Amino acid sequence: MAITLSTGVSMQVAKTYASSIAVSTLTNASTAVATTASAHSIAVGEFFEITSGWGLLDKRVVRAGAGTTGSTLYLEGINTTDTDIYPASSGVGSVREVTTFTQITQVLQPTSQGGEQQ
């Protein structure tokens, strides 16, 4: 049986999503900004998945940052200023809001080592 850690950490994975909305522009900026083709209902602090022509951003879950409005999404913590990694005008794709998460239980200790098949 697993134990509960006192650190207060919980691990979750996206379970359900809202419908996809096309992204018409995605900026190269210290905080990337996506402009959607139609209005979205994503509020500041909510999570969404983005698909993008930029490999490092494709299929990532991102939190909406300050400044997010009806057709603009600020991608909190996403810096796309390096045009070698994020070529200008090639990052468009789509976004979809994460509507529910599933908690992963029985995690004793997160680690990047071990877990080899026996």
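Residues numbered from 1 in each chain as written. Predicted model: local features only at pLDDT ≥ 70, side-chain atom pairs only at ≥ 80, totals over all residues. Heavy atoms only, no water.

### With respect to the pairing of strand 2 (residues 21-26)
Pairing of strand 2 with strand 7 (residues 93-104) involves 2 bridges; the strand directions are antiparallel. Bridge pairing in strand 7 links A22 to S94. For strand 2 and strand 3 (residues 33-36), the ladder comprises 3 bridges, and the chain directions are antiparallel. Bridge pairing in strand 3 places L26 opposite A34. Linkage of strand 2 to strand 3, two consecutive antiparallel strands, is achieved through a turn of 6 residues. (Pairing = 2+ DSSP bridges. Helix = DSSP H or I, 4+ residues; strand = E, 2+ residues; numbered from the N terminus.)

### With respect to the packing of aromatic side chains
Enumeration according to the criterion identifies 2 aromatic pairs in this entry. With 5.9 Å between their ring centres and 85° between their planes, F47 and F101 make a pair best called edge-to-face. Taken together, the positions of F47 in strand 4 (residues 47-52) and F101 in strand 7 put the pair 54 residues apart, joining distant regions of the chain. Ring plane angle 70° and centroid distance 5.2 Å describe the contact between W54 and Y86, whose orientation is recorded as edge-to-face. Of this pair, W54 sits in the loop between strand 4 and strand 5 (60-63) while Y86 sits in the loop between strand 6 (72-74) and strand 7; the two residues are 32 residues apart in sequence, bridging distant segments of the chain. In this arrangement the basic side chain of R96 is found over the ring face of Y17, its NZ or CZ atom lying 3.7 Å from the centre. (Phe/Tyr/Trp six-rings, centres within 6.5 Å; stacked < 30°, edge-to-face > 60°. Lys NZ or Arg CZ within 6 Å of the ring centre and 35° of its normal.)

### Let's talk about the side chain of T36
Tracing the backbone through its elements, the reader meets T36 in strand 3. At 2.6 Å, the side chain of T36 and the backbone oxygen of S38 are in polar contact. Every residue in contact with T36, bar those within four places of it in the chain, is listed here: I21, A22, V23, S24, G70, S71, L73 and V95. (Polar contact = N/O pair within 3.5 Å; in protein donor to acceptor, adjacent residues only side chain to side chain. Contact = heavy atoms within 4.5 Å.)

### What to know about unusual backbone geometry
Although it is not a glycine, K59 adopts a positive phi angle of roughly 65°. With respect to the element layout, K59 can be found in the loop between strand 4 and strand 5. With a phi close to 65°, S89 is a non-glycine residue in the positive phi region. Considering the arrangement of structural elements, one finds S89 in the loop between strand 6 and strand 7. Residue classification places S89 among the exposed positions, given a relative accessible area of 71%. (Buried < 20%, exposed > 50% of the residue type's maximum accessible area, 1.4 Å probe, protein only.)

### Concerning the pattern of salt bridges
For the structure shown, the criterion picks out 2 salt bridges. Note that R96 is salt-bridged to E49, the shortest N-O span being 2.6 Å. Note that R96 is positioned in strand 7 and E49 in strand 4, a separation of 47 residues in sequence. Its relative accessible area of 26% is what places R96 among the partly exposed residues. Across the pair E76 and R63 runs a salt bridge whose closest N-O atoms are separated by 2.7 Å. With E76 in the loop between strand 6 and strand 7 and R63 in strand 5, this residue pair connects regions lying 13 residues apart in the sequence. For E76, a relative accessible area of 36% puts it in the partly exposed group. Owing to a relative accessible area of 35%, R63 belongs among the partly exposed residues under this scheme. (Salt bridge = Lys/Arg side-chain N within 4 Å of Asp/Glu carboxyl O.)

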